[in-house]
Amino acid sequence: MDLRIFTEPQQGATYDTLLTVAKATEDLGFDAFFRSDHYLSMGDTDGLPGPTDAWITLAGLARETKRIRLGTLMTAGTFRLPGVLAIQVAQVDQMSGGRVELGLGAGWFEEEHKAYGIPFPKEKFARLEEQLAIVTGLWATEVGKTFDFRGAYYQLAESPALPKPAQAKIPVLIGGHGATRTPRLAAKYADEFNIPFASVEDSERQFGRVRAAAQEAGRDPHDLVYSNALVVCVGRDEQEIARRAAAIGREVDELRANGLAGTPAEVVDRIGRYAEIGSQRIYLQVLDLADLDHLELISAQVQSQLS
């Protein structure tokens, strides 16, 4: 079971804060550092000092880390033109020496689009399918050949399809709870399927849908990695668990029911339940980025038991 650190910088974090967490992620033996792609805070927080851009952040981290994988859960398809996104991600992959992964979603948070003047189209899912075809098609085009695409929303003509990533294939993550279109899209384009903030039972059902869609598409379902994203709140005792829950504005009982919360032994047991239904990777949503002791505890008493 891989454990990855997943951050939500729109809630309030500077680049220096993210760098500190990323370096701790690397030093403590976690597999990867991922971040969300949002420009507006959510809930009861002011988001100060303001948003940071996902791919600018990852470009910086690419040069300041050496081992960990770097990526997004999920880049919003509404934020970037697919050709530009393909260039950005390929460049960051080069800058990292081939450690980048692209999570790409349709985009959903209308308020952040209004706040920063970003168009929020109605037909987001159909656009996402074209974006995936373009990004992966550009990367797969042989050097010296060109890429053309004529879709309902995007048209590319005689693109040189450059630059190329450092990796032969950048892993693409697709995720979500949709019962029909999401599994079909994952079967066609994804290297990894991720379901965010879902119970063991809901995860098992959705993984089953993705496996079935892969088989229907003529693909081996085992070609995909199956993963979960879950909020984490670990403490050595009830007092420490309660303190960490309060720091992120959550209730302990709710976190225990819906995330990975409790003592290290409790969290290891709960991760085991996800592993039993086929989850191979957990993205730990860390909401208090100042609490590096939390990461140290997870590394020493949770991750160590899983490996």
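Now for a description of the structure that goes with this document. Quick caveat: nothing in here was measured; it's all calculated off a predicted structure. Think of each chain on its own: its residues are numbered from 1, step by step along the sequence as written. Local features are withheld for residues below a pLDDT of 70 in this predicted model, meaning they are given only at 70 or higher, and side-chain atom pairs are given and counted only at 80 or more; totals for whole chains, interfaces and linings count all residues. By convention in this description, side-chain values take in all heavy atoms of the structure and omit both hydrogens and water.

Digging into the overall build of the chain
Counted only if it meets this: Each helix corresponds to a stretch of at least 4 residues labelled H or I by DSSP, and each strand to a stretch of at least 2 residues labelled E; elements are numbered beginning at the N terminus. Burial classes: relative accessible area under 20% of the type maximum marks a residue as buried, over 50% as exposed, and values in between as partly exposed (1.4 Å probe, protein chains only). In what follows, residue pairs with any heavy atoms lying within 4.5 Å of each other are defined as contacts. Using a 1.4 Å probe, the Shrake-Rupley method yields the accessible areas, and only the shown protein chains count as cover for residues. For the charge count, each Lys or Arg is scored as positive and each Asp or Glu as negative, with His and the chain ends excluded. For this purpose, a charge sits on NZ of Lys, CZ of Arg, CG of Asp or CD of Glu.
For the chain, the count of helices and strands is 11 helices and 12 strands. Along the first, second and third principal axes, the C-alpha atoms of the chain reach 60 × 45 × 35 Å. Here the chain, with 307 residues, has 54% of them falling under the buried criterion. Looking at the chain alone, contacts between residues at least 24 apart form 73% of all its contacts between residues at least 6 apart. By element, 50% of the accessible surface of the chain is carried by carbon and sulfur atoms, the whole surface being about 13,600 Å². Mean positive and mean negative side-chain charge positions of the chain (32 and 43 charges, respectively) differ by 5 Å.

Topic: the pairing of strand β5 (residues 100-105)
Stated formally: Pairing between strands requires that DSSP locate at least two bridges from one strand to the other.
Where burial is concerned, most of β5 is hidden: 6 out of the 6 residues are buried. Residues Val100, Leu102 and Leu104 of β5 are buried on one face, and the alternating residues Glu101, Gly103 and Gly105, pointing to the opposite face, are buried as well. Strand direction decides the pairing type here: strand β4 (residues 75-76) and β5, joined by 2 bridges, are parallel. Counted as the bridge partner of Thr75 is Leu104 from β5. Strand direction decides the pairing type here: β5 and strand β8 (residues 172-175), joined by 2 bridges, are parallel. The residue bridging Gly103 from the neighbouring strand is Leu173, located in β8.

What to know about the environment of Gly98
For Gly98, the position within the fold is in the loop between α3 (82-96) and β5. The exposure class of Gly98 is buried, given its relative accessible area of 13%. Between the C-alpha atoms of Gly98 and Pro165, which are 67 residues apart in sequence, the distance is 7.2 Å. In this structure Gly98 touches Arg69, Asp93, Ala166 and Gln167, once residues within four positions along its chain are discounted.

Observations concerning the pattern of salt bridges
Convention followed: Whenever Lys or Arg places a side-chain nitrogen within 4 Å of a carboxyl oxygen from Asp or Glu, that contact is recorded as a salt bridge.
Within this structure, the stated rule accounts for 20 salt bridges. Residue Arg4 is joined to Glu101 by a salt bridge in which the shortest nitrogen-to-oxygen separation is 2.9 Å. Of this pair, Arg4 sits in strand β1 (residues 2-7) while Glu101 sits in strand β5, and the two are 97 residues apart along the sequence. Grouping residues by exposure puts Arg4 and Glu101 together as buried. By sharing partners, the salt bridges in this structure join Arg236, Glu240, Arg243, Arg244 and Asp291 into a single network.

Some points on the pairing of strand β10 (residues 225-234)
Filter applied, for reference: Crossover handedness is defined here as right-handed if the route from the first strand over the helix to the second strand goes clockwise, with the strands pointing away from the viewer.
The buried count for β10 comes to 9 of 10 residues, which makes it a mostly enclosed element. Pairing between strand β9 (residues 192-196) and β10: 5 bridges, direction parallel. Paired with Asn194 across the two strands is Ser227, which belongs to β10. Tracing the backbone out of β9, into helix α7 (residues 200-216) and back to the parallel element β10 gives a crossover that is right-handed. Here β10 runs beside strand β12 (residues 281-286); their pairing, made up of 5 bridges, is parallel.

Structural notes on the nonpolar core
The condition that has to hold: What makes a nonpolar core is a set of buried Ala, Val, Leu, Ile, Met, Phe, Trp, Tyr and Cys residues whose side-chain atoms join them at distances within 4.5 Å.
Judged by nonpolar contacts, the single largest core of 75 residues is most densely connected at Trp55, Leu102, Trp139 and Leu284. Here this core gets 8 residues from one element, more than from any other, and that element is helix α5 (residues 124-140). Residues contacting Leu102, with those up to four places away along its chain left out, are Trp55, Thr72, Thr75, Leu85, Val89, Val135, Trp139, Ile170, Pro171, Val172 and Leu173. Of all hydrophobic cores here, the second largest spans 8 residues; its members include Val231, Ile241, Val252 and Leu255.

Some words on the environment of Phe109
Assignment of secondary structure puts Phe109 in the loop between β5 and α4 (110-116). Its relative accessible area of 9% is what places Phe109 among the buried residues. For the pair Phe109 and Gln206, spaced 97 residues apart in sequence, the C-alpha to C-alpha distance is 23 Å. When sequence neighbours within four positions are dropped, the list of residues in contact with Phe109 reads His38, Leu40, Ser41, Met42 and Phe120.

Considering the packing of aromatic side chains
Any pair of aromatic rings gets described here by the distance separating the centres and the angle formed by the planes. Rule in force here: A pair of aromatic rings is counted whenever rings of Phe, Tyr or Trp (Trp by its six-membered ring) have centres within 6.5 Å, and the orientation is called stacked for planes under 30 degrees apart, edge-to-face for over 60 and tilted otherwise.
A full pass over the atoms with the stated rule returns 6 aromatic pairs. Between Tyr39 and Tyr116, the ring centres sit 6.3 Å apart and the planes meet at 65°, which makes this aromatic pair edge-to-face. Within this pair, whereas Tyr39 is found in the loop between β2 (32-35) and α2 (54-64), its partner Tyr116 is found in helix α4, the two being separated by 77 residues in sequence. The exposure class assigned to Tyr116 is partly exposed, which follows from its relative accessible area of 48%. Between Phe207 and Tyr226 the ring centres are 5.4 Å apart and the planes differ by 65°, which places this aromatic pair in the edge-to-face class. With Phe207 in helix α7 and Tyr226 in strand β10, this pair connects stretches of sequence that are 19 residues apart.

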